[in-house]
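# Commentary on secondary and tertiary structure
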Amino acid sequence: EDVYSDNFKEETENGSESIFEVEFNDIEGTYRPWVYGCRNWYDAYPSRDLVNEFETIDDNGIKDDPRLGYCIYQTGDLCNNGNDTMIINNDTFWVDTEHQVVREVIYKYGWKKYQNYYRQDSEEMLSGMNMKVIRLADVLLMMAEVENELNNMTDAIGYLNQVRNRADVMMPNYGTSAMDGIYPVTNKEEIRRAIEHERKIELCNEQVRANDLMRWRRMEAFYEEAKPIFPSYTREQMVFNPEVHYLWPIPQAEIDLNDAISPSDQNYGY
């Protein structure tokens, strides 16, 4: 798409970048904008960690990544066809009501991607906005990962840069002096880090991050990295056992039906 945000609007569905998307309409719609919307239920919100992942002028001295503004609302952003200003309150947790001592502040932002606030002040309960399952940028980043693992580092960097060279994004390319200070790409491990960075920002709120972290065997580390940015009351629930949770159990029905599988083949912990 010539305009990044056209991937996530109802008026521009099934566009040139779409490979597979789930079709919705006002009768057979999705609750997602209502549930995620920062002016509605607000059950899901971007973390400060994600916001900080987007490159800014301070990172490389070149430009801010415009995808931040396309994906995420911050207080002061215009919405509703420019008629309203978005206000997002952070969550403050108190030690007790008697002393009103601030225990922690969770910095919250609003999703702009897959939301209708750009054209209206509130979401409808059902939205006809389609959801993309696969789009071209995702495939290009998959190819970057494949080529890097095959030691074709030049090709991997080329795929990464195709995503950054979108017409209205045009961020500095990997392998240039502008990026060498923050994401150098001189070896396979550095390129892996660049791929993780690019997938995290390009595909945020597109339901790929968890699968990426599992595939890279990074989920355990992510849990530890993420705990400080989550509310304290959720941290005790954030438990990940790498010996068990990287694999699903083999269904008992498959073990029963397949003579080549025995109960001893079951993945550890199930």
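Data block above holds the structure.
Structure report, in brief. Everything numeric here is computed off the predicted structure, so don't read it as measured data. (Residues numbered from 1 in each chain as written. Predicted model: local features only at pLDDT ≥ 70, side-chain atom pairs only at ≥ 80, totals over all residues. Heavy atoms only, no water.)

## Overview of the packing of helix α5 (residues 136-149) against helix α6 (residues 153-164)
Between α5 and α6, whose axes approach to 7 Å, the crossing angle comes to 165 degrees. Classed by the angle they form, the pair α5 and α6 counts as roughly antiparallel. As for the relative orientation of α5 and α6, their crossing is left-handed in sense. Listed contacts from α6 to Ala137, Leu140, Leu141, Met143, Ala144, Glu147 and Asn148 of α5 are Met153, Asp155, Ala156, Tyr159, Leu160, Gln162 and Val163. For the contact of α5 with α6, a count of residues per class yields ten nonpolar, two polar and two charged. (Axes fitted to C-alpha atoms, helices over the stretch in contact; angles between N-to-C directions. Helix = DSSP H or I, 4+ residues; strand = E, 2+ residues; numbered from the N terminus. Parallel < 35°, antiparallel > 145°, perpendicular 65-115°, else oblique. Left-handed = near helix turned anticlockwise from the far one by under 90°. Contact = heavy atoms within 4.5 Å. Nonpolar A, V, L, I, M, F, W, Y, C, P; charged D, E, K, R; others polar.)

## Quick look at the pattern of salt bridges
Summed over all chains, the structure comprises 28 salt bridges. One salt bridge in this structure joins arginine 39 and aspartate 84, with 3.4 Å as the shortest N-O distance. Of the two residues, arginine 39 sits in the loop between α1 (32-36) and α2 (48-53) while aspartate 84 sits in strand β4 (residues 84-85), which places them 45 residues apart along the sequence. We classify arginine 39 as partly exposed; its relative accessible area is 29%. (Salt bridge = Lys/Arg side-chain N within 4 Å of Asp/Glu carboxyl O. Buried < 20%, exposed > 50% of the residue type's maximum accessible area, 1.4 Å probe, protein only.)

## A closer look at the side chain of arginine 199
Tracing the backbone shows arginine 199 in helix α8 (residues 188-202). For arginine 199, a relative accessible area of 4% translates into the label buried. For arginine 199, the residues in contact, after removing those within four places along its chain, are Asp138, Leu141, Met142, Glu145, Cys204, Val208, Asp212, Arg215 and Trp216.

## Examining the layout of surface pockets
Of the pockets and cavities examined, the largest pocket occupies roughly 860 Å³. Along its surface, the largest pocket is lined by 32 residues, and Tyr45, Pro46, Ser47, Trp111 and Phe230 are the ones closest to its centre. Secondary-structure elements contributing two or more residues to the lining of the largest pocket are α2, β6 (102-106), α8 and α9 (209-215). If you tally residues by element for the lining of the largest pocket, the top one is α9, at four residues. Residues belonging to the lining of the largest pocket are distributed by class as follows: 19 nonpolar, four polar and nine charged. Estimates place the volume of the second largest pocket at around 420 Å³. Taken together, 20 residues form the lining of the second largest pocket, with Arg193, Glu196, Arg209, Trp216 and Arg218 sitting closest to its centre. Counting residues per element, the lining of the second largest pocket draws most heavily on α8, at seven residues. Looking at the lining of the second largest pocket, its residues break down into six nonpolar, two polar and twelve charged. (1 Å grid on protein atoms, 1.4 Å probe; cavity = no way out; pocket = protein on both sides within 12 Å on 5 of 7 lines; lining within 4 Å. Points joined across faces, edges and corners; volume = space filled by probe spheres on them.)

## Focus on α5
With 14 residues, α5 should cover 20 Å at 1.5 Å per step; its first-to-last C-alpha distance of 20 Å lies within 8% of that length. Among all positions of α5, only Ala137, Asp138, Leu140, Leu141, Ala144, Glu145, Glu147 and Asn148 are buried. Where α5 is buried, its residues touch β8 (131-135), α6, α8 and α9. Immediately downstream of α5, the backbone of asparagine 151 shows phi near 70 degrees, a positive value. (Expected span 1.5 Å × (residues − 1).)

## Comments concerning the packing of aromatic side chains
Following the criterion strictly, the structure yields nine aromatic pairs and no others. With 5.1 Å between their ring centres and 75 degrees between their planes, phenylalanine 8 and tyrosine 114 make a pair best called edge-to-face. With phenylalanine 8 in the segment before β1 (18-22) and tyrosine 114 in the loop between β7 (110-111) and β8, this residue pair connects regions lying 106 residues apart in the sequence. The burial state of phenylalanine 8 is the same as that of tyrosine 114; both residues are buried. Taken together, the aromatic side chains of Tyr4, Phe8, Tyr70 and Tyr114 make up a single cluster linked through ring pairs. For the cation-ring pair, arginine 48 lies above tyrosine 107, with the distance from its terminal atom to the ring centre recorded as 3.8 Å. (Phe/Tyr/Trp six-rings, centres within 6.5 Å; stacked < 30°, edge-to-face > 60°. Lys NZ or Arg CZ within 6 Å of the ring centre and 35° of its normal.)

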